[in-house]
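Chain by chain, the residues run as shown.
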Number of protein chains: 2
Amino acid sequence: MSAESRFLTLLRLLANDPGAQGLQDDVAVLQVGGVRLVLTSDTMVEGVHYLPTDPPADIGWKLAAVNLSDLAAKGARPVGCLLNYALSGDDSWDAAFLEGLGEALSRYAMPLLGGDTVQMPAGSPRSYSLTAIGEASGPVPVRAGAQAGDRLYLTGPVGDAGAGLDLLRSNPGASGPLVDAYRRPKPRLVEGALLCPDVHAMMDVSDGLLIDAARMAEASGLAVTIDHIPLSSALELARGASTALQIAAAQAGDDYELLFALPPTLKPPVRAIPVGRFSTGSGLSLVIDGAAMPLPPSLGWEHG
Amino acid sequence: MSAESRFLTLLRLLANDPGAQGLQDDVAVLQVGGVRLVLTSDTMVEGVHYLPTDPPADIGWKLAAVNLSDLAAKGARPVGCLLNYALSGDDSWDAAFLEGLGEALSRYAMPLLGGDTVQMPAGSPRSYSLTAIGEASGPVPVRAGAQAGDRLYLTGPVGDAGAGLDLLRSNPGASGPLVDAYRRPKPRLVEGALLCPDVHAMMDVSDGLLIDAARMAEASGLAVTIDHIPLSSALELARGASTALQIAAAQAGDDYELLFALPPTLKPPVRAIPVGRFSTGSGLSLVIDGAAMPLPPSLGWEHG
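Owing to the predicted nature of the structure, the values given are computational and were not obtained by experimental measurement.

### Comments concerning the overall build of chain A
No. 1: Counting its secondary structure elements, chain A contains 9 helices and 12 strands.
No. 2: A compact globule built from 304 residues would reach a C-alpha radius of gyration of about 19 Å, and chain A, at 19 Å, matches this within 12%.
No. 3: Across chain A, every contact between residues at least 6 apart in sequence was considered, and the portion connecting residues at least 24 apart equals 82%.
No. 4: Of the roughly 11300 Å² of accessible surface on chain A, a fraction of 53% belongs to carbon and sulfur atoms.
No. 5: Charged side chains of chain A number 20 positive and 33 negative; the gap between the two group centres comes to 4 Å.

Okay, structure coming up:
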């Protein structure tokens, strides 16, 4: 059991309000007056969630995007956010961070409402949190709602962001669509809002297709089979199509596509790629080109 | 201009939603459905906002209390919070932090709804944020609403927490009421809710009486005279009553009493101590035992 898992076990004892949903999901849901608020908060730590060489504007964009992606997975409309910011000691760095953050907030219509600014001791890695508040536009899908027989879909290919990170690790000056996918993820807000009335379960793929599908299946008390791993043409062009590439893409995080379970009788109302199906039982199975494959040792990004 | 002031100038360009209130206040106010939400977020950094030797349960308590105090200053009822937590690498430390956090949340009826947990690189000072959501119980007082002729009040004495911090700096094993005031501040939620219909302006004294009164006066476009600095008997007993002690207490932060402006025709509906008055003009004046005093070089805790 990881340190984070042990901590979450303790935290669940404290978070016993129904709105916390047992901390099983990425968001909290709070009924206030006649409105259902969807609340989420994500922290990004230098050297853990981004590379120290990443441009500050991209870090600012990404902090907004990862929180917006959590709202998207619940079909929520952004209503505002609060920023917790650690000053860099370099005004132009801070200004560029805010510019990138502001671009994402403006693109996705999420007002910045407040927050807190702190100075870290010199030489510390810095961290930033954003807390986003959304308003549910319909039913709020949980990750635990998949049913046996449901098809599993993705709103787009996976692996681009992970390949972009690999490129940047060997060359911080790299650029192109894979690097963009890593640095400037696009939250699927429109797709989430259109999907939320129909899906049985939905989440964003932040940690990797395999691990996030396994989590959805476990939360739903089902087995899941992944039988297709969609890759972008940019990724196939850069790496050459192969089974190894498909597996790597399914283990990679940071793509922020939506992963959802839909009854077999329904067609997705948005562009989506079928990637698997749920059945009774438990566990994750992987099929590539019709052949059952052993699972890789790591299914994706495990926090802590 | 400090780094934080420069950053806030940029941030205000971004935070142009009315709910952000120009970032002039400690909270944001968001109208959702028929409800006014009061939103606040505070970050505590090791070595900046607390001593590395402070017991983890007290750090957890204080993180909750400082956010609850911001809700108190707006007369808001807590409805929930999100925690951003940096794992310590020591399970028993983390458990003790949660125990203290949980004590405060339970005492003041604020449910923990969710958040995010991260692992910092080894050796980094850690930081924690809490974002608190409240529901306005009446008018939401701003700090800019004081009027000429208003009396200025405090809900309790100042200086205890600062004296506690001084004691702990020279002896991390110190204990007693002053140390308790520093480590376990009590948010004035009941007082804030009772005061909010009557006050012209209200805020909590987190940075010191002199600096916070000066901020209220500046935001209101007025002058303020502080003519009384209330001290606790614990503080006078420990330090011996003196003018120097009164000035030190008025510069000290972390007391979290409420500071409010009330028309001279009204009597406060809660226990409160008159400490000054507002008049036309600008600036802060200090009068002790009827004699005008020069202002000390530092008025209180200046962020950044």
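### Topic: helix H4 (residues 160-170) of chain A
No. 1: Looking only at H4(A), the buried set comprises A:Asp160, A:Ala161, A:Gly162, A:Ala163, A:Gly164, A:Leu165 and A:Leu168.
No. 2: The elements touched by buried residues of H4(A) are helix H5 (177-183) and helix H8 (233-239) of chain A.

### Points about the UniProt feature "binding site: ATP" (unreviewed entry) in chain A
No. 1: Those places that UniProt annotates as "binding site: ATP" (unreviewed entry) correspond, in this numbering, to A:Gly115, A:Asp116, A:Arg143 and A:Ser206. With a sequence span of 92 residues, these residues are also far apart in the fold, their greatest C-alpha distance being 31.4 Å.
No. 2: Within the secondary structure, A:Gly115 is located in strand S4 (residues 112-119).
No. 3: Note on A:Gly115: relative accessible area 36%, which makes it partly exposed.
No. 4: With residues up to four places along the chain from it excluded, the contact list for A:Gly115 reads A:Leu82, A:Leu83 and B:Ser41.
No. 5: Along the chain, A:Ser206 turns up in the loop between strand S7 (201-204) and helix H7 (209-220).
No. 6: Here A:Ser206 is in contact with A:Asp212, A:Gly253, A:Asp254 and A:Tyr256, once residues within four sequence places are set aside.

### Observations concerning the sheet that holds strand S11 (residues 283-288) of chain B
All names here are of chain B.
No. 1: Read across the sheet, 7 strands follow the order S7-S9-S6-S10-S8-S11-S12 without closing on themselves; strand pairing throughout is mixed. The open sheet terminates on both sides in strands that have one partner only, identified here as strand S7 (201-204) and strand S12 (291-293). Across the sheet, the axes of successive neighbouring strands diverge by a mean angle of 25°, strand direction being ignored.
No. 2: Summarising the sheet, strand S8 (residues 223-226) and strand S10 (residues 273-279) pair through 4 bridges and their orientation is antiparallel. Note on S10: the bridge partner recorded for Ile 226 is Gly 276.
No. 3: The sheet contacts of helix H7 (residues 209-220) involve strand S6 (151-154), S7, S8, strand S9 (258-262), S10 and S11, and relative to S8 the element is tilted by about 155°.
No. 4: Across the face of the sheet, helix H9 (residues 243-251) comes into contact with S11 and S12 while running at roughly 150° to S11.

Cut-off values and rules
Residues numbered from 1 in each chain as written. Chains lettered and ligands numbered in written order. Predicted model: local features only at pLDDT ≥ 70, side-chain atom pairs only at ≥ 80, totals over all residues. Heavy atoms only, no water. Helix = DSSP H or I, 4+ residues; strand = E, 2+ residues; numbered from the N terminus. Rg over C-alpha atoms; globule rule 2.2 N^0.38 Å. Contact = heavy atoms within 4.5 Å. Areas by Shrake-Rupley, 256 points an atom, 1.4 Å probe, with all protein chains shown as cover. Lys, Arg positive; Asp, Glu negative; His and termini not counted. Charge placed at Lys NZ, Arg CZ, Asp CG, Glu CD. Buried < 20%, exposed > 50% of the residue type's maximum accessible area, 1.4 Å probe, protein only. UniProt positions renumbered as here; feature names shortened; annotations may be inferred. Pairing = 2+ DSSP bridges. Axes fitted to C-alpha atoms, helices over the stretch in contact; angles between N-to-C directions.

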